[in-house]
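Observations on the model geometry
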Amino acid sequence: MSVEQVFKTIEENNIMFVDFRFIGLNGGVHHITLPVSEVSEETFEAGVAFDGSSIPGFRGIEESDMVMMPDPESAFVDPFTLHPTLNIMCNIFTPAGERYDRDPRSIAQKAEEFLQKSGVGTAAFFAPESEFFIFDDVRFENNMNSSFYSVDSEEAAWNTGRKEEGGNLGFKVGVKGGYVPVAPIDSQQDIRSEMVRIMEESGLKVERHHHEVATAGQAEINFRFDTLTKTGDNLIKYKYIVQNVAKQWGKVATFMPKPLFGDNGSGMHVHSSIFDGDTPLFYEKGAYGNLSKLAMSYIAGILYHAPALIALTNPSTNSFKRLVPGYEAPVNLVFSKGNRSAAVRIPIAAVSPKGCRIEFRTPDSTANPYLAFAAMLLAGLDGIKKGLDPVALGYGPFDKNIYELPEDEKKEIRSVPGSLEEALDALESDSAFLTENGVFSEDFIANYIAFKRSEAKQVAIRIHPHEFNLYFNV
């Protein structure tokens, strides 16, 4: 959508407000709203000013003035506001007109520019499978003398014995028993369909939706792949719609990776591929998984840099509650065709040459999508540049169920970091693949590590309720 088309959309939809949005370091979306009377072509040239010092991880108070530069291609009509509103994603610039090197969306665009300059291809495509939970009730509290959380769902396995007004109607979803059952076990068909309806009206191309494995309302909706930055925009839009539809239905949706103990967590499996014009570069008929040598080097780059990469694709302390064996979590840094126990899977069912791709299964939706996709692309390109071979490096292929391998064989397989702190240590020692091409700045990496270490410390110093079970009576 051009600037001219933006104003045509404003006229056709009787838009009263334009909402200018940008992404923070942790993936949260921020916005400033202007009456449509204050929006002109000059707005797209001069931008919208805001205070960068009030955004965690951005600027100090002594250099707080920043500018949002609207990207008209990202515009869509907000489906939830009372007054007709047009939403537009923005890049962040300094008052001097320089692209801000801590702006995640600008980093994504620089990654795309680097791909084009590299000579490898013209575009990288991404498709995330972002899982989430829909709960009926969420409560949590952290005080100096108390700490708890509680979530509930009408379809949860723990509610088979609950007495409800009018009687308990049964048909609960068992632990690990929620993968694609029909109603009445799947009680959330209609709310997911409503999410899909609004997504499609807002410009997303949705491919499917279904109930996921975990009890208590785990869901997945898949939308069509696109180029790196556009997919980041689409994922932000996707999460916005999921959470606001849930609220309209008197429920709450969360993309937290592990809100339940003892059942599967929510991941964000990311499919990616590289094209040169209309030519897919990952396909080679008859090769393992029908993958080209270039694609295999891309896989090797991702697996080689995975410990550092995970600091960006799994950037929360809760991420590592999901990355444990036994819950379909891809903790093994190997590749395989069709094998969901590997960190990198090669989809082989119903795949055309243009659909040939790799699937990195480790990420989750606490990731800032612009940073995660950019880092994945750069790791893969580094593998291509160096001609890395995943087989020679010992990354597979592993076509067995890795969880059931004998212990002596498992010892030979690298695993993901065990905590956010370990992932940040890895990023600290392995960031050249991100910084040497100028996509990520060294300042960004240092600031990001400090920002995330602060989060990890906040969790580490707090008293956990389970510690009372372990230590109160010693």
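The preceding data block contains the structure.
Residues numbered from 1 in each chain as written. Predicted model: local features only at pLDDT ≥ 70, side-chain atom pairs only at ≥ 80, totals over all residues. Heavy atoms only, no water.

With that settled, consider the side chain of Asn234. Of note, Asn234 is situated in helix α5 (residues 228-248). In this structure Asn234 comes out as buried when scored by relative accessible area, which is 15%. (Helix = DSSP H or I, 4+ residues; strand = E, 2+ residues; numbered from the N terminus. Buried < 20%, exposed > 50% of the residue type's maximum accessible area, 1.4 Å probe, protein only.)

What follows is about a negative patch on the surface. The grouping of Glu4, Glu41, Glu42 and Glu45 at the surface amounts to a negative patch. Residue placement: Glu42 occurs in helix α2 (residues 41-46). (Patch = residues over 30% accessible without salt bridge, like charges linked within 9 Å, V, L, I, M, F, W, Y side chains within 5 Å. Areas by Shrake-Rupley, 256 points an atom, 1.4 Å probe, with all protein chains shown as cover. Salt bridge = Lys/Arg side-chain N within 4 Å of Asp/Glu carboxyl O. Lys, Arg positive; Asp, Glu negative; His and termini not counted. Charge placed at Lys NZ, Arg CZ, Asp CG, Glu CD.)

Moving on, we get to the nonpolar core. Counting 93 residues, the largest nonpolar core has Phe132, Met195, Tyr238, Ile274, Leu377 and Phe440 as its most contacted members. Per element, the largest residue contribution to this core is 12 residues, and it comes from helix α9 (residues 369-386). Not counting residues up to four positions away in its chain, the partners in contact with Phe132 are Met195, Gly217, Gln218, Ala219, Glu220, Ile221, Tyr238, Val242, Ala253, Thr254, Phe255 and Ser266. In this structure, Phe58, Ala75, Leu86 and Cys90 belong to the second largest nonpolar core, which totals 21 residues. (Core = buried A, V, L, I, M, F, W, Y, C linked by side-chain atoms within 4.5 Å. Contact = heavy atoms within 4.5 Å.)

A few words now on the pattern of salt bridges. Throughout the structure, instances matching the rule amount to 23 salt bridges. Residue Arg105 pairs with Asp233 through a salt bridge whose shortest N-O separation is 2.7 Å. Of the two residues, Arg105 sits in helix α3 (residues 104-118) while Asp233 sits in helix α5, which places them 128 residues apart along the sequence. With respect to class, Arg105 is no different from Asp233; both count as buried. With a shortest N-O distance of 3.1 Å, Arg453 and Glu428 are connected by a salt bridge. Highlighted residues: Arg453 in helix α13 (residues 442-460) and Glu428 in helix α11 (residues 420-429), separated in sequence by 25 residues. Among the ionic contacts, a cluster of salt bridges with common partners joins Glu421, Asp425, Glu428 and Arg453.

On to the packing of helix α6 (residues 293-304) against α9, then. The interhelical angle for the contact between α6 and α9, taken along N-to-C directions, is 120°, at an axis separation of 6 Å. When the axis of α6 is compared with that of α9, the two are oblique. By crossing handedness, the relation of α6 to α9 is classed as right-handed. Residue-level inspection shows Leu294, Ser297, Tyr298, Gly301 and Ile302 of α6 in contact with α9, the latter providing Met376, Leu377, Ala379, Gly380, Leu381, Gly383 and Ile384. Class assignment of the residues belonging to the contact of α6 with α9 gives a composition of eight nonpolar, four polar and no charged. (Axes fitted to C-alpha atoms, helices over the stretch in contact; angles between N-to-C directions. Parallel < 35°, antiparallel > 145°, perpendicular 65-115°, else oblique. Left-handed = near helix turned anticlockwise from the far one by under 90°. Nonpolar A, V, L, I, M, F, W, Y, C, P; charged D, E, K, R; others polar.)

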